[in-house]
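Summary of structural features
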Amino acid sequence: MLTITNKPKKSGTAATPLPIVDTIPTDVLAHMTEGIFQSETLNAMLHKLMAAVDALVQPRTAFFLVFDPNTKALVLKGVRGRSNEPLAQDCLPGKGMVGQAFVQGQSFGDPKTFLAVPLRNHLSTFGVLCLCKSRAALAPKVWDVLLSQIEAAANLLMLRTNPWCEEPTKTNRASPIRRLSAQRSAEESRMNFDNLLQKVIRPVTMMRSSLDIALAHLGDEVSPMVFQPLQSCVRCTDRLSRIVEDLLIAHRLAAGNIKLDPQPFGLHQLIRDAVESLEQRFSHAQFVVDTSSCPEVFIKGNYDQMRLALLHIFENASLYSQHAKPPCIRLSLTSDLRAEIVVQDEGPGMTPEDLARVFEPFFRSRDAIPLAG
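Residues numbered from 1 in each chain as written. Predicted model: local features only at pLDDT ≥ 70, side-chain atom pairs only at ≥ 80, totals over all residues. Heavy atoms only, no water.

**Considerations on the packing of aromatic side chains**
Counted under the stated rule, the structure contains four aromatic pairs. Considering the side-chain rings of Phe63 and Phe114, the 6.3 Å spacing of their centres and the 35° angle between planes classify their relative orientation as tilted. Here Phe63, found in strand E3 (residues 61-68), pairs with Phe114, found in strand E6 (residues 114-120); they are 51 residues apart in sequence, far enough to count as distant. Classification of Phe63 by relative accessible area gives buried; the value is 0%. Pairing Phe67 with Phe102 gives two aromatic rings, centres 5.2 Å apart and planes at 25°, and the pair type is stacked. Remark: Phe102 occurs in helix H3 (residues 96-104) and Phe67 occurs in strand E3; sequence separation between them is 35 residues. Relative accessible area serves as the criterion here: at 26%, Phe67 is assigned to the partly exposed category. Classification of Phe102 by relative accessible area gives buried; the value is 12%. (Phe/Tyr/Trp six-rings, centres within 6.5 Å; stacked < 30°, edge-to-face > 60°. Helix = DSSP H or I, 4+ residues; strand = E, 2+ residues; numbered from the N terminus. Buried < 20%, exposed > 50% of the residue type's maximum accessible area, 1.4 Å probe, protein only.)

**Remarks on the pattern of salt bridges**
Under the definition given, this model contains three salt bridges. Between Asp54 and Arg80 there is a salt bridge, with its nearest N and O atoms 3.5 Å apart. Residue Asp54 is found in helix H2 (residues 42-57), and its partner Arg80 is found in strand E4 (residues 73-81); the two are separated by 26 residues along the sequence. Here Asp54 falls in the partly exposed class, since its relative accessible area comes to 23%. In this structure, Arg338 engages Asp336 in a salt bridge whose closest nitrogen and oxygen atoms are separated by 3.2 Å. Among the residues examined, Arg338 registers a relative accessible area of 57% and is labelled exposed. Residue classification places Asp336 among the partly exposed positions, given a relative accessible area of 48%. (Salt bridge = Lys/Arg side-chain N within 4 Å of Asp/Glu carboxyl O.)

**Focus: the nonpolar core**
Counting residues in each nonpolar core, the largest one holds 42 residues, and the members touching the most others are Ile24, Leu49, Trp143 and Leu146. Counting residues per element, the ones that place at least two in this core are helix H1 (26-38), H2, E3, E6, strand E7 (125-132), helix H4 (140-160) and helix H5 (176-218). The contacts of Ile24, once residues within four sequence positions are left out, are Leu29, Leu56, Val142, Val145, Leu146 and Ile213. Core analysis: the second largest hydrophobic core is formed by 16 residues, Leu270, Ile271, Phe287 and Leu331 among them. (Core = buried A, V, L, I, M, F, W, Y, C linked by side-chain atoms within 4.5 Å. Contact = heavy atoms within 4.5 Å.)

**Thoughts on unusual backbone geometry**
For Lys72, which is not glycine, the phi torsion reads 60° and is therefore positive. Checked against the element boundaries, Lys72 lands in the loop between E3 and E4. With a relative accessible area of 55%, Lys72 lands in the exposed category. The phi dihedral of Leu337 is positive, around 65°, even though this residue is not glycine. One can find Leu337 in the loop between strand E12 (328-333) and strand E13 (339-344). For Leu337, a relative accessible area of 69% corresponds to the exposed category.

**Describing the sheet that holds E12**
If you trace the three strands from one edge of the open sheet to the other, you get E10-E12-E13, paired in mixed fashion. Where the open sheet ends on each side, the last strands, each with one partner, are strand E10 (288-290) and E13. Averaged over all adjacent pairs, the angle separating strand axes in this sheet is 15°, with direction ignored. Here E10 pairs with E12 via three bridges, running parallel. Within the sheet, the bridge partner assigned to Val289 lies in E12 and is Ile329. (Pairing = 2+ DSSP bridges. Axes fitted to C-alpha atoms, helices over the stretch in contact; angles between N-to-C directions.)

**Structural notes on the side chain of Thr33**
Take Thr33: it is sitting in helix H1. In contact with Thr33, other than residues within four places in its own chain, are Gln149, Arg202 and Met206.

**With respect to the state of the cysteines**
A complete count under the given rule lists zero disulfides for this structure. Not part of a disulfide, Cys91 finds its nearest cysteine sulfur in Cys130, a span of 7.6 Å. (Disulfide = S-S within 2.5 Å.)

**A short note on a nonpolar patch on the surface**
On the surface, a nonpolar cluster with roughly 440 Å² of combined accessible area is contributed by Met350, Leu355, Val358 and Phe359. Its place among the elements puts Met350 in the loop between E13 and helix H9 (352-355). Its relative accessible area of 39% is what places Met350 among the partly exposed residues. (Patch = residues over 30% accessible without salt bridge, like charges linked within 9 Å, V, L, I, M, F, W, Y side chains within 5 Å. Areas by Shrake-Rupley, 256 points an atom, 1.4 Å probe, with all protein chains shown as cover.)

**As for H1**
Under the 1.5 Å per step criterion, the end-to-end length of H1 is 18 Å for 13 residues, consistent within 8% with the ideal 18 Å. Of the residues making up H1, those classed as buried are Val28, Leu29, Met32, Thr33, Gly35, Ile36 and Phe37. (Expected span 1.5 Å × (residues − 1).)

**So, the environment of Phe287**
Its location among the elements puts Phe287 in the loop between helix H7 (267-281) and E10. Residue Phe287 is classed as buried on the basis of its relative accessible area of 12%. Here the alpha-carbon distance between Phe287 and Ile329, two residues 42 residues apart in the chain, equals 7.1 Å. In contact with Phe287, not counting residues within four places along its chain, are Val275, Leu278, Glu279, Phe314, Ser318, Pro326, Pro327 and Ile329.

Here you go:
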């Protein structure tokens, strides 16, 4: 849920409220959905988002910044409207409202003057969208719909453009023509598979956004017979989106061509990041984290992939646990000085037959019925 932190106002000044936009015209949503999923780059995708927001609230200036891991700065990548806005410039994380929105993961400012909105993928915040002097304000639910579209598209783009590594080996004595032919065939197969998944994710994301808008307008007096099936559809579309992302990852892992960049990082921070991400995304997600018996442990690996693996495990534990008994996450050291992360929940557990198949792609126990959410 989008949270807006307003700047303090001077006493004695009467503020005229802006009109609230609490719905998105179908043509605007459809145009944005089609545009962002056709975009080949993150910048092109965010330009589509700016166009949709501009059509809804008509800001004097809109711009976005993207975090550059090399310079450790938020870099201005796109401007719409008047380009002489003094805030439309590069900045550092934590500096000003733009930097605070990036670091804290929540919006800062006032839609009437200046508003900075963080942009996320499934791993972290990657940028900030800024609006100056808008003529209307978006309702939080509308912001959630727009940002969920960007998050889904950014996830897919990140997976699709993940570096591929296919280095020749000394033992590979095939002729250059044969190697080139095999490489081209594998690349065409990957592109066809990626294009197919893109065609699936677009209508799924469009359905998710439309359901959010419908649920926001139903109110509290709607019959459970209407509300509960719609909520079930929301959960199903979320699961479909995750399945598409998992298919992409599984496809590339099976090919053995995903290039990882191992770096040292601490397990305490890794666990905190994964837990905080789930608690922000799901209102039902609650965890008991115990790292007191273990000092900070540093390992070398790919932080993003490790965090994604923990997200899947923690989310699964939350979904299959009773609300009164949140899962416990414990970090400890074994007798041979190995770090061990234990996730304990009160779910139904798995049979010996299920455990034997737990590493099969997309395997799910027949008794797996989520207790939360």
